[in-house]
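# Understanding the architecture of this molecule
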Amino acid sequence: MTMSTPESRPVRAEAVVDLAAIRHNVGTLRARAEGAQLMTVVKADGYGHGMVPVARAAREAGADWIGAAVLEEALGLRAAGDTGPIFCWLTTPGEPLADAIEAGIDLSAGAPWEIDEVVAGVRDRPARVHLKIDTGMSRGGAVPEAWPALIRAAVRAQATGQIEIKGIWSHLASSDEPKSPANESQLATFTEAIEVAESFGIDAEFKHLANSGATLALPETHFNLVRPGVATYGLSPFGHALPSSELGLRPAMTLKARLAMVKRVPAGAGVSYGLTWTAPRPSTLGLIPLGYGDGLPRHASNGGPVQAYGARRAIVGRICMDQCVVNLEDDQAAAGDEVVLFGPGASGEPTADDWADAAGTINYEIVTRLGVRIPRRYIDSER
């Protein structure tokens, strides 16, 4: 988990995370998936928001499951005291699956060798396994032609009491485009895979396919468990096409910094490496002590948005490893003044979507890539 900093301590920069927004978003997603259980995905340190605080807030809001991509995340949740259902889906040969099995963590298997790996880790309790079918994304999981072989391996292991087949699952490639024919195709393949499994006598308790986009826009994919990730953090999987506010979601993170220096430069002054920006007139520049070493995307050079003194300003010149420069134009500014790089947008500040546009990426990456040099401070706007 990333650092938490007391509010009274001066910092050069911080990411403020509102846990009330997390609870609100989980509640909104639960309502959209009525009739299905909900798994809150907290991989990659809770998309940069802090895995353990987010998981706790999600549980408070009624999340039935917590989803973790890798073993160290899942085991970290257990070590932090989470006793509820946890699903972990990304492992490689030779990892310590025994620890996860003993901790009661549900695991994924998408090939017969993965069943063998799970069985090898069984000690005093059977492993809980969800079988993954590749419905068309071509990442993990068994392709339809290999699906029967995976099922047979799982059925043999279940017959000996070494595993319990708890779920069948897959992942959608195009749920951020709800009208894409790929969604219908993947849903059909998933349904067929369930039918094949049932023909082998498998009656898995959980069937899950829906991620954030599908939870919000494709109710036919909900089955009895949904796995929203980015929407938990108040970010829309659809970007500007359907913003968070229209989905009833509240962005949870605000990234702030204090200016390290302010100076007036003449017309013609070049800025940062390569001098890719030149002041067209006398201008006030502010030095922001954040750079690509902290997770700001270098691709947002000469355009990354910043709120300063009630106005939108822009990063000028190249974003460096530890710092970048904002054009404050004629603002009356001083070192130590606060600027906001992104937040919910309710007060006119840029959003993670605005930074994604500036960098040619997605809002997921903007929040997830923020590094450990930026302290996380947790607030609760409802308490």
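Model, not experiment: these values are computed from the prediction. (Residues numbered from 1 in each chain as written. Predicted model: local features only at pLDDT ≥ 70, side-chain atom pairs only at ≥ 80, totals over all residues. Heavy atoms only, no water.)

### Details of the state of the cysteines
Taken as a whole, this structure holds 0 disulfides when the rule is applied. Counting only cysteine sulfurs, Cys-324 is the nearest neighbor of Cys-320, a cysteine outside any disulfide, at a range of 7.9 Å. Judged by relative accessible area, Cys-320 falls into the buried class, the value being 14%. (Disulfide = S-S within 2.5 Å. Buried < 20%, exposed > 50% of the residue type's maximum accessible area, 1.4 Å probe, protein only.)

### Describing the packing of aromatic side chains
Considering all chains together, one arrives at 7 aromatic pairs under this definition. With a centroid separation of 5.7 Å and 40° between ring planes, the pair formed by Phe-87 and Trp-89 is classed as tilted. Residue class for Phe-87 comes out buried when judged on its relative accessible area of 0%. Judged by centre distance (5.2 Å) and plane angle (90°), the rings of Phe-87 and Trp-169 are edge-to-face. Residue Phe-87 is located in strand β4 (residues 86-88), and its partner Trp-169 is located in strand β7 (residues 163-169); the two are separated by 82 residues in the primary sequence. Each member of the pair, Phe-87 together with Trp-169, is buried. Each residue in the set Tyr-47, Tyr-233 and Tyr-364 is aromatic and connected to the rest through ring pairs, giving one cluster. (Phe/Tyr/Trp six-rings, centres within 6.5 Å; stacked < 30°, edge-to-face > 60°. Helix = DSSP H or I, 4+ residues; strand = E, 2+ residues; numbered from the N terminus.)

### Remarks on the UniProt feature "binding site: substrate" (unreviewed entry) in the protein
The sites that UniProt annotates as "binding site: substrate" (unreviewed entry) are Arg-139 and Met-321. A maximum C-alpha distance of 32.6 Å is found for the annotated residues, which run over 183 residues; spatially they are spread out rather than grouped. By the secondary structure assignment, Arg-139 is in the loop between β6 (127-132) and α7 (147-159). If we ignore the near neighbours within four places in the chain, the residues touching Arg-139 are Asp-134 and His-171. As for its placement among the helices and strands, Met-321 is situated in the loop between β16 (311-316) and β17 (324-329). Met-321 sits in the partly exposed class, given a relative accessible area of 45%. Other than its neighbours up to four places away in sequence, Met-321 contacts Gly-291, Tyr-292, Gly-293, Asp-294 and Arg-373. (UniProt positions renumbered as here; feature names shortened; annotations may be inferred. Contact = heavy atoms within 4.5 Å.)

### Topic: the environment of Leu-107
With respect to the helices and strands, the residue Leu-107 is situated in strand β5 (residues 106-109). In sequence terms Leu-107 and Ala-257 are 150 residues apart; their C-alpha atoms lie 40 Å from each other. Ignoring sequence-local partners within four residues, the contact set of Leu-107 consists of Leu-71, Phe-87, Cys-88, Leu-97, Ala-100, Ile-101, Val-118, Arg-128, Val-129 and His-130.

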